[in-house]
Amino acid sequence: PTSAQVSVAPHSGGFCYTLDNDVLTPEQRQFYEDNGYLLIKNLVSDEDIERFRKEFTRICKREVKPPGMMIMKDESRRSQFGQSESVVNKVQDFQEDAELFRYCTLPEVLKYVECFTGPNIMAMHTMLINKLPDSDTQTFLHPMHQDLHYFPFRPAARIVCAWTAMERADQNNGCLIVQPGTHKTSLKPHGYPEWEGKTNKLFHGLLDEDEKIPKVHLVMEKGDTVFFHPLLIHGSGINRTSGFRKSISCHFASSECHYIDVKNTTQEHLEKELQEMVSKKYDTTSVELKDIWNFRARLVQGERINL
């Protein structure tokens, strides 16, 4: 199904996934409790989005080179388009880029983030996604997954992603797809999907996807922002247009969260893959998953406690 009814029926008992504050209405809190996401319309200004867009172009042209940033490219397009936004499909870990990191400090975003994390807020994972026009090989389809698979910190309820559309996102250009209510499930095993054609590095997906769970396509306008739980199963479709579908996002966590050891868990193979990548890039031999995340993490509000 391309859409589904989402639960809005109130139930008795306290709230598990949101904190008491005067920002969210009871109806908004209930919606997030039941469904694991909350869409806020027109949250980020056109002016800010255009500034982020210009900085992305500068990064693509290598006019700025912030340390630690990972730039993911479609190598098959480089001979045709050279060094431009037509080749770069993702900029990850932009925490050292002052202009893009402004997104993580926007008061209008943090106002909502605090409803999920509390007052001590860390920016843990930053991305600007430039979903390229796709081919029949579905290179830029992102399989259904849970973000917590990548994170060695807990509790999950004090982590939230803010994802802002930088232009209209719909089914034509590969908008986000969510499975409402799946944030109440456990972390499931992930790996590379058995697709024909190329699969992007670290684009892990559920190894056993339940096709019976209804899916909702999140149609969003420029500036719309969705906040979602790290266990919510989600992904994105193919970009069938000739243009680009940009979005900017950050995973925030309470600094009171704590790191866990992922050995002998479903996340262990991810740690090994990341260790290999980091060792190759920085010529180091011993690095743990929590070390990588500790390097990425930046305080945006309150006090840095554990993370």
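Refer to the preceding data block for the structure.
Right, let's walk through the structure included here. (Residues numbered from 1 in each chain as written. Predicted model: local features only at pLDDT ≥ 70, side-chain atom pairs only at ≥ 80, totals over all residues. Heavy atoms only, no water.)

Each helix and strand in the protein was counted, giving 7 helices and 16 strands. The buried share of the protein, taken over its 307 residues, is 57%. Of the contacts made within the protein by residues no fewer than 6 positions apart, 83% connect residues no fewer than 24 positions apart. Of the roughly 13800 Å² that the protein leaves accessible, carbon and sulfur atoms contribute 50%. (Helix = DSSP H or I, 4+ residues; strand = E, 2+ residues; numbered from the N terminus. Buried < 20%, exposed > 50% of the residue type's maximum accessible area, 1.4 Å probe, protein only. Contact = heavy atoms within 4.5 Å. Areas by Shrake-Rupley, 256 points an atom, 1.4 Å probe, with all protein chains shown as cover.)

All right, on to the packing of helix α2 (residues 46-60) against helix α4 (residues 98-105) then. Where α2 meets α4, the closest approach of the two axes is 9 Å, and the angle between their N-to-C directions is 145°. Helix-helix and strand crossings are classified by hand; for α2 and α4 the assignment is left-handed. Judged by residue contacts, Asp48, Arg51, Phe52, Glu55 and Ile59 of α2 engage Glu99, Leu100, Arg102 and Tyr103 from α4. Of the residues in the contact of α2 with α4, the class split is 4 nonpolar, no polar and 5 charged. (Axes fitted to C-alpha atoms, helices over the stretch in contact; angles between N-to-C directions. Left-handed = near helix turned anticlockwise from the far one by under 90°. Nonpolar A, V, L, I, M, F, W, Y, C, P; charged D, E, K, R; others polar.)

A separate point is the environment of cysteine 115. Residue placement: cysteine 115 occurs in helix α5 (residues 107-117). The exposure class assigned to cysteine 115 is buried, which follows from its relative accessible area of 1%. Once the C-alpha coordinates of cysteine 115 and arginine 29 are considered, the two residues, 86 residues apart in sequence, prove to be 9.1 Å apart. Once residues lying within four places of it in the same chain are set aside, the contact partners of cysteine 115 are Thr18, Leu19, Asn21, Val23 and Leu24.

Further remarks concern the environment of aspartate 93. Within the secondary structure, aspartate 93 is located in the loop between β3 (88-92) and α4. By relative accessible area, which is 5% here, aspartate 93 ends up buried. Residues aspartate 93 and leucine 128 lie 35 residues apart in sequence; the distance between their C-alpha atoms is 8.9 Å.

Let us now look at the side chain of serine 236. If you trace the backbone, serine 236 turns up in strand β13 (residues 234-236). Looking at serine 236, its side chain comes within polar contact range of the side chain of lysine 131, at 3.0 Å. (Polar contact = N/O pair within 3.5 Å; in protein donor to acceptor, adjacent residues only side chain to side chain.)

As a further point, take the packing of aromatic side chains. Within this structure, the stated rule accounts for 9 aromatic pairs. With a centroid separation of 5.3 Å and 90° between ring planes, the pair formed by phenylalanine 31 and tyrosine 37 is classed as edge-to-face. Pairing phenylalanine 116 with phenylalanine 227 gives two aromatic rings, centres 6.1 Å apart and planes at 25°, and the pair type is stacked. Residue phenylalanine 116 is found in helix α5, and its partner phenylalanine 227 is found in strand β12 (residues 225-228); the two are separated by 111 residues along the sequence. Residue classification places phenylalanine 116 among the buried positions, given a relative accessible area of 1%. We note arginine 298 situated over the ring of phenylalanine 101; from NZ or CZ to the ring centre the distance is 4.1 Å. (Phe/Tyr/Trp six-rings, centres within 6.5 Å; stacked < 30°, edge-to-face > 60°. Lys NZ or Arg CZ within 6 Å of the ring centre and 35° of its normal.)

When a protein is soluble and globular, its nonpolar side chains tend to lie buried together. Grouped together as the largest cluster of nonpolar side chains are 55 residues, with contacts concentrated most on Tyr37, Tyr103, Cys104, Val109, Trp163, Phe227 and Phe252. With 6 residues, α5 is the single largest residue contributor to this core. If we ignore the near neighbours within four places in the chain, the residues touching valine 109 are Leu43, Val44, Tyr103, Ala162, Phe227 and Phe252. Listed in part, the 21 residues of the second largest apolar core include Met122, Met124, Val287 and Leu289. (Core = buried A, V, L, I, M, F, W, Y, C linked by side-chain atoms within 4.5 Å.)

Cis geometry is adopted by the peptide bond preceding proline 155, which originates at arginine 154 and carries an omega value of 5°. By the element assignment, proline 155 lies in the loop between β6 (153-154) and β7 (159-165). Backbone geometry at arginine 62 places phi at a positive 60°, although glycine is not the residue there. Within the secondary structure, arginine 62 sits in the loop between α2 and β2 (70-73). In this model, aspartate 93 sits at a positive phi of 60°, which is unusual for a non-glycine residue.

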